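Listed here are the chains, written in short residue letters.
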Amino acid sequence: MKCLTLSAAGLEQLPLIRNLYWKLLDSSEEYAGILQWKKGIYPADEDWIRYIQKGEMFLLWDADMLIGAVALTQTQPDAYRKGSWSCPASEEEVLVIHLLAIHPDHQGQGYARAALDAIGAFARARGKRALRLDAIATNKPAQGLYEAYGFRNCGTRRLYYESTGLTDFLFYDYPL
């Protein structure tokens, strides 16, 4: 079983973060087609900087090897407040997962599950009762991961983002 460490990212790690996401997007045409991420649009430096400055951007490490990155917020986006969740929780009891990325060199080795394990431990240590996230409808690999891990599909909502236009997103939660 893989065990990852979460560490808060600093501004000096912005090039490392950017490189990880760009490598993922460049690794296959499939990713470029299914993800809402677009170079220079979303996520972009200003997104990562905002997460870093708020203490919400994390790097995922296996010893000294960078495996991935994720943003973890304690504030839910407006679309989440309108949702019908399987795990009732107040705003203070929820941790929201954004931008979970595993470096392409480390995919298929159990690191995505290990990342979710580390995120769950992080959330529990902070008194959270639920994890929440959304996945673009075209991202079947992510949906498969979340559902196999035990996240519950809480429905689909159509949202507008600059990188996608008006698009369907599946919403998931996971009780802690």
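How each quantity is defined
Residues numbered from 1 in each chain as written. Predicted model: local features only at pLDDT ≥ 70, side-chain atom pairs only at ≥ 80, totals over all residues. Heavy atoms only, no water. Phe/Tyr/Trp six-rings, centres within 6.5 Å; stacked < 30°, edge-to-face > 60°. Helix = DSSP H or I, 4+ residues; strand = E, 2+ residues; numbered from the N terminus. Lys NZ or Arg CZ within 6 Å of the ring centre and 35° of its normal. Buried < 20%, exposed > 50% of the residue type's maximum accessible area, 1.4 Å probe, protein only. Arc of directions from axis to C-beta. Contact = heavy atoms within 4.5 Å.

## Digging into the packing of aromatic side chains
Here is step 1: Across all of its chains, the model carries 13 aromatic pairs by this definition.
Here is step 2: Taking the centre distance of 5.0 Å and the plane angle of 35° together, the rings of F151 and Y174 count as tilted. Note that F151 is positioned in the loop between α6 (140–149) and β6 (152–161) and Y174 in strand β7 (residues 165–175), a separation of 23 residues in sequence.
Here is step 3: An aromatic cluster is defined as three or more aromatic residues linked by ring pairs; in this entry it consists of Y146, Y149, F151, Y172 and Y174.
Here is step 4: Seen from the ring of Y51, R50 lies directly overhead, with NZ or CZ sitting 5.3 Å from the centre.
Here is step 5: A cation over an aromatic ring shows up here: R126 above the ring of F122, its NZ or CZ 3.5 Å from the ring centre.

## Let's talk about helix α3 (residues 45–53)
Here is step 1: Taken as a whole, α3 has its buried residues at D47, W48, Y51 and I52. All buried residues of α3 fall inside an arc of 130° around its axis, so they share one side. Exposed positions of α3 whose direction lies more than 90 degrees from the buried face are E46 and Q53.
Here is step 2: Where the residues of α3 are buried, they touch α1 (14–27), β2 (57–62), β3 (65–73) and β4 (94–102).
Here is step 3: A positive backbone phi angle near 75° is found at G55, which sits one or two residues after α3.

## Brief notes about unusual backbone geometry
Here is step 1: Residue P43 is bonded to the preceding Y42 through a cis peptide linkage, with omega at -10°.
Here is step 2: Tracing the backbone shows P43 in the loop between α2 (29–34) and α3.
Here is step 3: You will see that A63, though not glycine, has its phi angle at about 60°, which is positive.
Here is step 4: One non-glycine residue, L99, adopts positive backbone phi at about 60°.

Take it as geometry only, folks, not as evidence of what the structure does.
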